[in-house]
2 protein chains.
Amino acid sequence: MIDADYMIHGDYLLTMADGEEPLTDGAAVVKGDKIIDVGNYTELATKYNAKHYIGGGFRLILPGLINTHTHAAMVYFRGIADDMPFRDWLEGYIWPAENRWLSAEFVSDAMELACLEMVRAGITTFCDMYFFEDAAAVIVKEIGMRAVLGRGVLDFPSVSAKTPDEYIESAEEYIKKWNGDELISPSIAPHSPYACGPDTLKKAKKVADKYNAILHTHLSETEWEVNEIGKRYGRSPIDHLENIGVLDNNVLAAHCVWPSDSEMDLLARRKTGVSHCVDSNLKLASGFAPVVSMLDRGVKVCLGTDGAASNNDLDIIAEMGAAARLHKAAAGDPTALNAKQALRMATLSGAEALGLGDKTGSIEKGKQADILIVNMKKPHLLPIYDIFSHIVYSMRSSDVESVMINGEVVQDRGVLVKKSEDEIMDKAIRWNRRIKEETRS
Amino acid sequence: MIDADYMIHGDYLLTMADGEEPLTDGAAVVKGDKIIDVGNYTELATKYNAKHYIGGGFRLILPGLINTHTHAAMVYFRGIADDMPFRDWLEGYIWPAENRWLSAEFVSDAMELACLEMVRAGITTFCDMYFFEDAAAVIVKEIGMRAVLGRGVLDFPSVSAKTPDEYIESAEEYIKKWNGDELISPSIAPHSPYACGPDTLKKAKKVADKYNAILHTHLSETEWEVNEIGKRYGRSPIDHLENIGVLDNNVLAAHCVWPSDSEMDLLARRKTGVSHCVDSNLKLASGFAPVVSMLDRGVKVCLGTDGAASNNDLDIIAEMGAAARLHKAAAGDPTALNAKQALRMATLSGAEALGLGDKTGSIEKGKQADILIVNMKKPHLLPIYDIFSHIVYSMRSSDVESVMINGEVVQDRGVLVKKSEDEIMDKAIRWNRRIKEETRS
């Protein structure tokens, strides 16, 4: 018998490794932070002597979900401004609120709430773009999540820096500090081609390349952006990034709602990751991203929630269902974006787009143990005929029972392990009161 | 002090009566099956002596949600056939499965699971179209839900009748039997203008009129239907119903994805209820119903889930969020279908479309007590700035804590009161096994 730490067992186990079918009565064996075996439970039980057995009957075992576009600390602005045009929302509400409230303390406290929300929803890795990411990183590690945390860069001053060079320099310092961390991948996040000029974007790319980091940016989100970048540079946004030498396989481009055909081919050729944020695009009326066409061309499309001030939640299970449904109607084809493809976007494709395809995104021998246990004995999850359709069209984030990240149980049967949920929520309630009182006066 | 049965209290109470603002620290007082007062909790507490106090801090009080289009017993076929064209799904999988499995016993057992799922999700009233509705009605009453149950009518034979006249006669008998029941409104449900000829539709309308019942039908769901009805009758489907004298204010038309401008005006003029089933329309690629345009023209649009074999759940909270998001992008206007409008569609508009506007759909003095208590102390529901946006864009069905229908607590802090959830789920598991085994062999 081989010693191990965890035997994780379920009626179904989906490895999400390409070409592999769902295992019934499946199990994953974890030792330290790694998956050391995957297969039939009965066989593995005769081979391994695991300290802990988790999962069981009516349980579904899945790779942890990957949220590839967030502004996690914006959970504290959830619902502060809704049902309004994108630029009114951004310039009239969000940027002013950020200028008033943002601090390391705000971001730390808000990040706790965001991590709690994401772990509850089965997200084990997320890719963030915001400010005070150094403070954020401390919290993410305390909770025990995996994240690509991008230091925001703008051409104009904000609470976090005054000049483009100051943003870039502090981003480089931050990346140097966190590079090599087992859970945190530091990254640089120039906001967009409309909030960052070509010089800033090129400098950011240089930093990303130097440290083998992700460059995370918003790209081709709205028709306004396409027109604006056209006016400024005579090109559409993706083409513009290509032209200045920034479009690459270490770029994570959020949204891509308005790519032309040739821009989609560019995204595929450059192996750029595209974070599709379906609920945010719908709610802000940004449009329908041509996801089916991008996937057909081989673009690395994955899923993101965007910030909770635009969506208004951090729930990749909901995004999976929304994307799989929407793109059938948008393509006029009920066989488009099937359940299995949608689940891949939420798992392995997300990991690949973040440069973490060798570490997470699937349940495979040698990978880090980022694993979910879902309880399927629920009224809305019975009966079961097809496990993929079940996950994408019926499962809800509230069905996620336990969450393992990097070999550690971060949520145990519905309860966060390392921090008090009540304390996290009470902090949110106190901030809520402060922000509301000042807004009122 | 006036005696009462329940004082239902929350930080927020939304009456959803037109023109009324959300109450903070609000309460509803219930005596017998009726709401006898609504207002500020502190004031009501000095006036009423209630046997039971329910709700409390961090609670939101809402009218029960209304699901205006279901085939509830189809929960037992949830996920049996997905990611395929509508007519393959209907004719290749659903109708054959129904012909093999449908019986009074199947419908009773499946209806239990459907009611459990709906109560959990805060649905207090639903409008069903299926077979063996007599057996279904018994279960719905046992659970304690309010429902409009429509006896299905087809032009071709099925397990439930052989000829159109046999369907119509048995529908009339069923309606006679249940008419006047306090929870069940019996109705007649000719499937669609493609599965029922003009004679059948006219006979069904006569029965509906005779008993003051709802005529529930599918209408203008797919582009195929528009073409098919055009070929057969030289008109589009809604126009066809008008032409044969069936379109009226006691008609509940599910889907209406493909109405022309003049057909939308017809729907408004005839005060026909339209059940918008956004998730089903997306998943089956039926198209984008012109909901914003219908609302602008004064059409009575409400929300439905459709059956769980097409959607794949019975969750009006999810439909509300999906509709409010989708129609912004479809209209290219982020202010379209705002959160308050979406919530009205899920409550009072639903009641009105079912002819139950004087009974349910809002929390008003004199109405039946159909009331939800939602727990808002959840990571994804903090902080709170705008209660409408919160409900539509952040709340999930798993946040519904307690459910009162007709003055009775049907779900008490997450637990169904009158039947065993485990027994309901175990029955579903046994049927699942039988259906899977036979399908395999």
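Residues numbered from 1 in each chain as written. Chains lettered and ligands numbered in written order. Predicted model: local features only at pLDDT ≥ 70, side-chain atom pairs only at ≥ 80, totals over all residues. Heavy atoms only, no water.

(A) Summary view of the packing of helix α12 (residues 316–331) of chain B against helix α15 (residues 387–394) of chain B. All names here are of chain B. Contact geometry of α12 with α15 gives a least axis separation of 7 Å together with a crossing angle of 95°. Relative to α15, α12 is oriented roughly perpendicular. For the pair formed by α12 and α15, the contact residues are Met320, Gly321, Ala324, Arg325 and Lys328 on the first element and Ile391, Val392 and Tyr393 on the second. Broken down by class, the residue content of the contact of α12 with α15 amounts to five nonpolar, one polar and two charged. (Axes fitted to C-alpha atoms, helices over the stretch in contact; angles between N-to-C directions. Helix = DSSP H or I, 4+ residues; strand = E, 2+ residues; numbered from the N terminus. Parallel < 35°, antiparallel > 145°, perpendicular 65-115°, else oblique. Contact = heavy atoms within 4.5 Å. Nonpolar A, V, L, I, M, F, W, Y, C, P; charged D, E, K, R; others polar.)

(B) Looking closely at the interface of chain B and chain A. Every contact between the two is made by 64 residues of chain B and, on the other side, 64 residues of chain A. Its largest share of buried area at the contact with chain A, chain B owes to Asp83, Pro379 and Tyr385 of chain B, together 15% of the area lost on that side. Salt-bridge contacts for Arg396 of chain B lead to Asp315 of chain A; the nearest nitrogen and oxygen are separated by 3.6 Å. Here chain B is connected to chain A by 29 residue pairs in polar contact (both at pLDDT 80 or more). Counting residues per element, the side of chain B that touches chain A draws most heavily on helix α16 (residues 421–440) of chain B, at eight residues. Here the residues of the side of chain B that touches chain A are counted per class, giving 31 nonpolar, 14 polar and 19 charged. (Buried area = accessible area lost by both parts, 1.4 Å probe. Salt bridge = Lys/Arg side-chain N within 4 Å of Asp/Glu carboxyl O. Polar contact = N/O pair within 3.5 Å; in protein donor to acceptor, adjacent residues only side chain to side chain.)

(C) Main features of the pairing of strand β11 (residues 273–276) of chain B. Residues and elements named next belong to chain B. Neither face of β11 is left uncovered, since the one carrying Gly273 and Ser275 and the one carrying Val274 and His276 both have all their residues buried. Inspection of the sheet shows strand β10 (residues 251–255) paired to β11 by three bridges, in the parallel sense. What sits directly across from Leu252, in β11, is Gly273. What joins β10 to β11 is helix α9 (residues 261–269), and the crossover it makes is right-handed. (Buried < 20%, exposed > 50% of the residue type's maximum accessible area, 1.4 Å probe, protein only. Pairing = 2+ DSSP bridges. Right-handed = clockwise from strand over helix to strand, strands pointing away.)

(D) Looking closely at the relation of the copies chain B and chain A. Mapping chain B onto chain A calls for a screw motion: a turn of 180° about the axis and a shift of 0.0 Å along it, with 0.0 Å RMSD after fitting. The superposition of one copy onto the other is thereby described by a two-fold rotation axis. The rotation axis passes nearest to the C-alpha of Ser398 of chain B in chain B, at a distance of 3.3 Å. Taken as a fraction of all interface residues of chain B, those also at the interface in chain A reach 100%, which identifies the copy contact as same-surface. (Least-squares fit on C-alpha atoms with pLDDT ≥ 70 in both.)

(E) Up close: unusual backbone geometry. The peptide bond linking Asn311 of chain A to Asn312 of chain A adopts the cis configuration, its omega dihedral lying at 5°. For Asn312 of chain A, the location among the structural elements is in the loop between β12 (300–303) and α12 (316–331). Cis geometry is adopted by the peptide bond preceding Pro383 of chain B, which originates at Leu382 of chain B and carries an omega value of -15°. Its place among the elements puts Pro383 of chain B in the loop between β13 (371–375) and α15.

(F) Just the pattern of salt bridges, in detail. Counted according to the given criterion, the structure contains 78 salt bridges over all chains. Measuring nitrogen to oxygen at the nearest pair gives 3.3 Å for the salt bridge that ties Lys328 of chain B to Asp83 of chain A. Placement of the pair is Lys328 of chain B in helix α12 and Asp83 of chain A in the loop between β5 (65–70) and α2 (86–101), with the two residues belonging to separate chains. On the basis of relative accessible area, Lys328 of chain B is assigned to the buried category, the value being 0%. Connected via shared salt-bridge partners are Asp109, Glu112, Glu142, Lys419 and Lys427 of chain A.

(G) Representation of the environment of Ala114 of chain A in the model. Residues and elements named next belong to chain A. With respect to the helices and strands, the residue Ala114 is situated in helix α3 (residues 104–120). Residue classification places Ala114 among the buried positions, given a relative accessible area of 0%. For the pair Ala114 and Pro379, spaced 265 residues apart in the sequence, the C-alpha separation amounts to 28 Å. Not counting the four nearest positions on each side in its chain, Ala114 is found in contact with Ala72, Val75 and Leu314.

(H) Looking closely at the domain arrangement of chain A. Residue and element names in this part refer to chain A. The domains assigned to chain A are domain 1 (2–63 + 367–406) and domain 2 (65–353). A C-alpha centroid distance of 29 Å is found between domain 1 and domain 2. Between domain 1 and domain 2, the residue contacts involve 25 residues of the former and 29 residues of the latter. Taken together, both faces of the contact between domain 1 and domain 2 bury some 2,100 Å²; the carbon and sulfur share is 63%. Joining domain 1 to domain 2, the criterion identifies three salt bridges. Between Lys340 and Glu21 there is a salt bridge, with its nearest N and O atoms 3.9 Å apart. The tally of links between domain 1 and domain 2 comes to seven residue pairs in polar contact (both at pLDDT 80 or more). By residue number, the principal contributor to the side of domain 1 that touches domain 2 is helix α15 (residues 387–394), which donates five residues. (Domains from an automatic or database assignment.)

(I) α2 of chain A, seen in detail. Residue and element names in this part refer to chain A. Taking 1.5 Å as the rise per residue, α2 with 16 residues should run 22 Å; its terminal C-alpha atoms sit 21 Å apart, in good agreement. Of all the bends in α2, the greatest reaches close to 30° and is centred on Ile94; the proline Pro96 follows between one and four positions later. Among the residues of α2, those classed as buried are Phe86, Trp89, Leu90, Ile94, Trp95, Ala97, Glu98 and Trp101. (Expected span 1.5 Å × (residues − 1). Bend = angle between axes of the 7 residues up to and from the residue.)

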